[in-house]
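Survey of secondary and tertiary structure
Okay, here's what each chain looks like letter by letter:
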Amino acid sequence: MGSGWSKESKSTEAKATVAKTEERPALPERSGSKRSFDPDASGDSRNKKRHFNKKDSWAKKEKKKEGSGSNKPSAGGLQTRPDSLGPREPRFPKKKVALMVGYNGTGYQGMQLNPDCVSIESIIFDAMVKANAISKDNSGDPKKSAWMRAARTDKGVHAAGNLLSLKMQFPTDYDVIERINSFLPDQIRVWGYVPVIRSFHAKNLCDSRVYEYLLPTCAFMKPTKKVLTDTPTNEDDLMICNNDSVSPIVKYTTRSTPEEIQARHDYRATKEQLETFTTALKEFEGTHNFHNYTNGKAFNDKSANRYIMSIDVSDPLYIDGSEWVSIKLHGQSFILHQIRKMISMAMLITRTNTPISLIADTFEQPRINIPKAPALGLLLERPIFRVYNENMRAKSNQVDRDIIDFDNYKEKIETFKKEWIYKKIFEAENNEHVFDGYLTSLDSHMGDDYAYLNEDGIIPEECLVRTKYNTPAVKLEGSDDEKEDDN
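A brief look at the structure comes next. (Residues numbered from 1 in each chain as written. Predicted model: local features only at pLDDT ≥ 70, side-chain atom pairs only at ≥ 80, totals over all residues. Heavy atoms only, no water.)

**Looking at helix 11 (residues 410-432)**
Between its first and last C-alpha atoms helix 11 spans 31 Å; for 23 residues at 1.5 Å apiece the expected length is 33 Å, and the two agree. Maximal helix bending in helix 11 amounts to about 40°, located at lysine 417. When helix 11 is considered as a whole, its buried residues turn out to be Ile413, Phe416, Lys417, Ile421, Tyr422, Ile425, Phe426, Ala428 and Glu429. With its phi angle positive at about 55°, histidine 433 sits one or two positions after the end of helix 11. (Helix = DSSP H or I, 4+ residues; strand = E, 2+ residues; numbered from the N terminus. Expected span 1.5 Å × (residues − 1). Bend = angle between axes of the 7 residues up to and from the residue. Buried < 20%, exposed > 50% of the residue type's maximum accessible area, 1.4 Å probe, protein only.)

**As for unusual backbone geometry**
Positive phi, close to 65°, is recorded for histidine 337, a residue that is not glycine. Checked against the element boundaries, histidine 337 lands in the loop between strand 11 (322-331) and helix 8 (338-352). Even without glycine at this site, asparagine 353 takes up a positive phi of about 60°. Residue placement: asparagine 353 occurs in the loop between helix 8 and helix 9 (358-362).

**Examining the pattern of salt bridges**
Applying the stated criterion across every chain, the model contains 15 salt bridges. For glutamate 427, the salt bridge goes to lysine 424, with nearest N and O atoms at 3.9 Å. With glutamate 427 and lysine 424 both in helix 11, this residue pair falls three residues apart, about one helical turn. Measuring nitrogen to oxygen at the nearest pair gives 2.3 Å for the salt bridge that ties arginine 466 to glutamate 461. Salt bridges sharing common partners tie together Lys282, Glu285 and Asp312. (Salt bridge = Lys/Arg side-chain N within 4 Å of Asp/Glu carboxyl O.)

**Looking at the packing of aromatic side chains**
Applying the stated rule across the entire model yields 17 aromatic pairs. Considering the side-chain rings of tyrosine 211 and phenylalanine 334, the 5.4 Å spacing of their centres and the 85° angle between planes classify their relative orientation as edge-to-face. On the criterion of sequence distance, the pair formed by tyrosine 211 in strand 5 (residues 208-216) and phenylalanine 334 in the loop between strand 11 and helix 8 is long-range, its members being 123 residues apart. Here the two residues tyrosine 211 and phenylalanine 334 agree in accessibility, since each one is buried. Measuring from ring centre to ring centre gives 5.7 Å for phenylalanine 290 and tyrosine 293, while their planes differ by 75°; the resulting arrangement is edge-to-face. (Phe/Tyr/Trp six-rings, centres within 6.5 Å; stacked < 30°, edge-to-face > 60°.)

**Some details on the pairing of strand 9 (residues 305-313)**
Along any regular strand the residues' side chains alternate between the sheet's two faces. Bridge count between strand 8 (residues 286-289) and strand 9: four bridges; the pairing is antiparallel. Pairing of threonine 287 across the sheet is with tyrosine 307, part of strand 9. Pairing of strand 9 with strand 11 involves five bridges; the strand directions are antiparallel. Note that in strand 11 the partner of serine 310 across the bridge is histidine 330. (Pairing = 2+ DSSP bridges.)

If you want it as structure tokens, here you go:
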């Protein structure tokens, strides 16, 4: 009997439960909530999976597109490779690398890749594509290879060492560096590569840069007054213009005679001149506001502040009977034309007996026009990655890490410098007289722009330049109209 009562009782409870369930009011649907549901759905989770199946979604989109031939969606729903790209290349191992390069910049529009310009990077990039170090699929956009340089160099500027970072392919059946160099002209070389971390960025991880400038000591000769004429007297006369946009004046002067050129060639700097020049350049060491040594930067622009670690001037060098000095400049970074204007200022002080105290005043707010020394003598020695290398050494006990060291290619780099940089600089000066033309234009200058070169070392009001970066434009700085690039 006990068991009969139990069955009957359970049956009664079950009926009551069903009744309660049926009488329970339906909850309103909460649109947008994670708990909302479709009352018509079967509850089968496979329907939801099918709804979010990417291949099915892509396939539906592809069916709507018009087209035929090889661009039709495949069975899996993915669009096949366009015919214009041709058959797919074989895949090769790929690494993020630091690529070390050197070049003579003569004849190229600077280092950086730019549309419609023949630059050093454009030549290297094309050679890497030909050597399969960069795939043809990525040949149309360097960004796909994470392409970046450590230092830009301006038109005509050379580099014994510069560095590119990129993702690079490594074909297995030949030496990729030799193959790249086989597609490059002799004045551009790839020294080698170093595998780096994936996040490596050539510009951002570069601690400092070392530049060298080669200057003939005839630049220290006293200025000589030139005769100006309204019309040219020879085909190769120099055109001399003032910097007044309101009342422009154009004159002409003759180039140096063979006797004057020979006098420059035979010139030897005095001990006092070398000491003055060296001391003047030392004034640039440390952190200063270099707004007067670049283009388009106001005095209060923080990016005009730069840190120069050291500047060293060599003993005189004698090349083909001409006397030169080598200036090594080590700085955290440099802005447009900074080095060339620094060299020019130190040289102008030396040749005019202007007090060196003038340099400290150029770091202040008054804006003056400082001419640029020729690009011919400037070269990038190498970028430096001290902090990165220290971090790699610290991790070397856990993982095998390489450091970035141009000294691994020291012999090749020194040979290249002598043959393709130093030799070419000296040949260009002997044949084209670049520095002679620069000094002649300085000696023929019209106006008060260089009135700061005086025995008192003061900056007079008449030589101040008015630009949009300091006061309403009254006088334009005509010598600084070139587009921006490094040095």
